[in-house]
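Observations on the three-dimensional arrangement
The lines below spell out each chain.
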Amino acid sequence: MCTGRRPEVSMASSRPTAALSLLGEEAAGDGGRHRRHRGWRAVTFIIGFFAAATMATNSFSTPLTSYLMSRYNMKPNAATNVNNVYSGMYSFAPVVGAFVADAFWGRFRTMLFGSVFGVIGMVVITLSATIRQLKPPSCSAVAQQAGTCVGPSGLHRAVLYVGMGLLVVSAGGTNPTALPFGADQFDVTNERQKAGLTRYFNWYYAIAMTSTFLVLTVIVYVQDKVSWGLGFAIPTVLTLVAFAVFLAGTAVYVYVPPEGSIFTSVARVAVASCRKCRLRLPHPDDSRRQEEVLYNKHNQPDPSAAGDVPRVLRLPLTLQLSFLNKAAIVTDADELRADDGSPARPWNLCSVQQVEEVKCLVKIVPVWVSGVVWFVVMTEMINYTYIQSVTMDPHMGRRFTIPPVSILAVFYLAVALFVPVYDLLVVRAAQLLTKAGAGNSGSGGITLLQRQGAGHVVGSLAFVLAAVVERRRRSSALGHGDGMSPLSVFLLAPQLALMGVSGAFTMIGQMEFYNTQFPDQMRTLANAAFYCAQGASSYLATLVVNIVNARTRRHGGSAGWVSDDINVGRLDYFYYAMAVLGAVNFIYFLICSHLYRYKGEQPADSPGPQLPCDSAGTSDSEAAIQKM
């Protein structure tokens, strides 16, 4: 959209009788004119529902393979394939939902749509696990080993797949919108609320990790010891209650309407710059003088909407990726409309704002790739720590035993516990040392890229520790005779805790990085990029294992390092290889960080990024932004 129209921020001036009455207001941007951001007061309604929804979906997706094998009598390979297909669709669905939210429906409507489908999906899953006619008959352990269990019928599969499909649709609507919709509730021109926004990213993910921790401890225990139906029913009821609370907050939410497809604007910049590729840029070494010559129309807000707070940061011209700057060169063939000054042919001329927004997307890609690699090694840690736990002593005390999958809760607990440590101690200590306040590059004293870099280092150390533990576990298992190690499963806790600290740095750092560095009208897509990285890592993790096995079989026998029987393979060597992969990724990340320039950042002798001239006062975003 070469006209670059900014979204208006609207909030209902009175409590609606139903949430659906606000859908039209959000889409049209014609809600009440008194724009007051409630910050944490509004976020309380949102984040509680997200926590319950996370618990509900994870209660199904986390033990999915085990559930399909034990209750649907599927073969291991068939259950794994169903899980892989579901996980891939679940991870990539937010990309579609983000596009719909940013271009057509807005974040609230898309989130509401996904929430309804999620609740219905969990009800279907709960019924399929409870009603006898909707699941295959139970099968004994002897029959399972003999392969004589009755498999699922067409009806059983249909009900199961309908429930899974509803959860995929729910992920597309809820996952990419919940975080940015909460961020919309903070006023970025208010210093107090701006600081609250930074803390919001930390606590949002901490609450999500806490929900997953409860799933891996309480819910999984209920599913394993009591019944699957009750294990699904508990989070489903919690989600229904939290959904009612979410709807109760509709009167205090701030609604940012959609702008239309940002991809149209991206395509126009690419086409316009290619059409003008033979032209020479004016003042190629001076961004400020070049910007004065290029087409740089700043749309003013609607005069009838006095007092509205602009949500899109005006970006200054930069000399990075300067080829794209040619899209804003004004030639004799370019005509401007007399009424608003916009280009008559938007595929030939675009504004500096549009050019810089496209640059934001291009510059993020290398950093995103580094994030994908981190998720790959994290996935390997989670997958093979679980396999290790199956061969170890699960006792907690003399009588109580835990399900093997529950040891993974240490990872999520470590993330949740380290967030307040980081927020209250690490950040404040860094602020005292650097005397820096919060800026566009992250929390004061620590930039977003520095935070991710620290996570990469800690992640590599976690694999070194995991390799040492695995060597000890393997030795004890081989010496025990039956392939089972007498060592306690809690010996795996330190490597998971260290990886959790890495996640607190890297995962939350990535999430905040995408939400602040993507163009402002693409925050929903920014959140989808985070989930897309997780989805890509699931497939790449399998590829990495296949490559390692192929290379090690060639040089070290037929088993390979990552064998089906980990006592025969050399999982400790594989962990060392992952530590090396993490170190190489860290070096690559350092190069990307050195070349990266934060959104709105300029050389020191150039004026800082400015909000539109109707903004009152001077905000922190007008200052030069600290770079990593």
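From a predicted model like this one, the values you see are computed outputs, not experimental measurements.

Now for the overall build of the protein. Of regular secondary structure, the protein possesses 17 helices and four strands. Expressed as a percentage of its 628 residues, the buried residues of the protein come to 55%. Within the protein, contacts between residues separated by at least 24 positions form 81% of all contacts whose residues are at least 6 apart in sequence. Surface exposure of the protein reaches about 26200 Å², of which carbon and sulfur atoms provide 63%.

What follows deals with unusual backbone geometry. Within the chain, Asn73 stands out as a residue other than glycine whose phi angle is a positive 55°. Residue placement: Asn73 occurs in the loop between helix H3 (64–71) and helix H4 (76–105). Backbone geometry places Leu321, a non-glycine residue, at a positive phi of 50°.

Before going further, it helps to spend a moment on the confidence of the model for the protein. The pLDDT averaged across the protein works out to 79; a share of 81% of its residues lies at or above 70. Taking the mean pLDDT of every element in the protein, the minimum, 42, falls on strand S1 (residues 10–11) and the maximum, 94, on helix H17 (residues 571–595). In the predicted structure, residues 27–34 sits below a pLDDT of 50 and forms 20 contacts with residues beyond four places in sequence or in another chain. Taken as a whole, residues 299–310 scores under 50 in pLDDT and shows 23 contacts with residues more than four places along the chain or in a different chain.

On to the nonpolar core, then. Grouped burial of nonpolar side chains is what soluble globular proteins tend to show. Core analysis: the biggest nonpolar cluster contains 108 residues, and Phe246 and Phe574 have the highest contact counts within it. Counting residues in hydrophobic clusters, the runner-up holds 22 residues, among them Phe60, Tyr67, Ala93 and Met122.

This part covers the packing of aromatic side chains. Throughout the structure, instances matching the rule amount to 44 aromatic pairs. Ring centres 6.3 Å apart and planes at 55° place the aromatic pair Phe108 and Tyr253 in the tilted group. Here Tyr253 lies in the loop between helix H9 (228–248) and strand S2 (254–255) and Phe108 lies in helix H5 (residues 107–130), a separation of 145 residues in the sequence. For Phe108, a relative accessible area of 0% gives the class buried. For Tyr253, a relative accessible area of 0% translates into the label buried. An aromatic cluster is built from Phe45, Phe49, Phe108, Phe181, Phe243, Phe246, Tyr253 and Tyr255, whose rings are joined through pairwise contacts. In this arrangement the basic side chain of Lys363 is found over the ring face of Tyr596, its NZ or CZ atom lying 5.5 Å from the centre. Taking NZ or CZ as reference, Arg570 lies 4.2 Å from the ring centre of Tyr573, over its face.

Let's shift gears to the environment of Pro235. Within the fold, Pro235 resides in helix H9. Exposure remark for Pro235: the relative accessible area of 0% places this residue in the buried category. Through-space distance from the C-alpha of Pro235 to that of Ser59 is 7.5 Å; in sequence the pair is 176 residues apart. Each residue touching Pro235, except ones within four places of it in the same chain, is listed here: Ala52, Met55, Ala56, Ser59 and Ile219.

Inspection of every chain in the model, using the stated rule, returns eight salt bridges. A salt bridge links Arg107 to Asp102; its shortest N-O distance comes to 3.6 Å. The class of Arg107 is buried, set by a relative accessible area of 7%. We note a salt bridge from Asp572 to Arg570, for which the minimum N-O separation is 2.8 Å. Residue Asp572 is classed as buried on the basis of its relative accessible area, which comes to 0%.

What follows covers a nonpolar patch on the surface. A contiguous nonpolar patch, built from Tyr221, Met396, Phe400 and Phe490 and spanning about 340 Å² of accessible area, is present on the exposed surface. Judged by relative accessible area, Met396 falls into the partly exposed class, the value being 43%.

Turning to its location among the elements, Asn325 is positioned in the loop between helix H11 (287–293) and helix H12 (352–390). The residues contacting Asn325, other than those within four sequence positions of it, are Leu281, Gln290, Leu294, Leu317, Thr318, Val355, Glu356 and Lys359.

The next point concerns the packing of H12 against helix H15 (residues 493–517). The N-to-C vectors of H12 and H15 enclose an angle of 155°; their axes lie 11 Å apart at closest approach. With respect to H15, the element H12 is oriented roughly antiparallel. Our pair here, H12 against H15, has a crossing hand that is left-handed. Its residues placed into classes, the contact of H12 with H15 shows 15 nonpolar, nine polar and no charged.

We now examine the environment of Leu127. Summarising the element assignment, Leu127 is placed in helix H5. Measuring from C-alpha to C-alpha, the distance between Leu127 and Leu160 comes to 9.7 Å, with 33 residues separating the pair along the chain.

Within the fold, Arg289 resides in helix H11. Spatially, the C-alpha atoms of Arg289 and Leu317 are 9.7 Å apart, while their sequence positions differ by 28 residues.

This brings us to the side chain of His156. Structurally, His156 is set in helix H7 (residues 154–183). Of note is the side chain of His156, whose polar atom sits 3.1 Å from the backbone nitrogen of Ser153. Ignoring any residue separated from it by four or fewer positions in sequence, one finds His156 in contact with Tyr72, Gln133, Leu134, Lys135 and Pro136.

Turning to H3, its buried residues number three or more, namely Leu64, Tyr67, Leu68 and Arg71. Summarising the axial view, the buried residues of H3 lie within an arc of 100°, below the 170-degree limit, and thus occupy one face. Residue Asn73 follows H3 closely and has a positive phi angle near 55°.

With 39 residues, H12 should cover 57 Å at 1.5 Å per step; its first-to-last C-alpha distance of 57 Å lies within 8% of that length. Across the 39 residues that make up H12, a large majority, 29, are buried.

Take the state of the cysteines next. Going through the model one piece at a time under the given rule, you end up with zero disulfides. Cys274 takes part in no disulfide bond, and the closest cysteine sulfur to it belongs to Cys277, at a distance of 6.7 Å.

The rules we used
- Residues numbered from 1 in each chain as written.
- Predicted model: local features only at pLDDT ≥ 70, side-chain atom pairs only at ≥ 80, totals over all residues.
- Heavy atoms only, no water.
- Helix = DSSP H or I, 4+ residues; strand = E, 2+ residues; numbered from the N terminus.
- Buried < 20%, exposed > 50% of the residue type's maximum accessible area, 1.4 Å probe, protein only.
- Contact = heavy atoms within 4.5 Å.
- Areas by Shrake-Rupley, 256 points an atom, 1.4 Å probe, with all protein chains shown as cover.
- pLDDT = per-residue confidence, 0-100.
- Core = buried A, V, L, I, M, F, W, Y, C linked by side-chain atoms within 4.5 Å.
- Phe/Tyr/Trp six-rings, centres within 6.5 Å; stacked < 30°, edge-to-face > 60°.
- Lys NZ or Arg CZ within 6 Å of the ring centre and 35° of its normal.
- Salt bridge = Lys/Arg side-chain N within 4 Å of Asp/Glu carboxyl O.
- Patch = residues over 30% accessible without salt bridge, like charges linked within 9 Å, V, L, I, M, F, W, Y side chains within 5 Å.
- Axes fitted to C-alpha atoms, helices over the stretch in contact; angles between N-to-C directions.
- Parallel < 35°, antiparallel > 145°, perpendicular 65-115°, else oblique.
- Left-handed = near helix turned anticlockwise from the far one by under 90°.
- Nonpolar A, V, L, I, M, F, W, Y, C, P; charged D, E, K, R; others polar.
- Polar contact = N/O pair within 3.5 Å; in protein donor to acceptor, adjacent residues only side chain to side chain.
- Arc of directions from axis to C-beta.
- Expected span 1.5 Å × (residues − 1).
- Disulfide = S-S within 2.5 Å.

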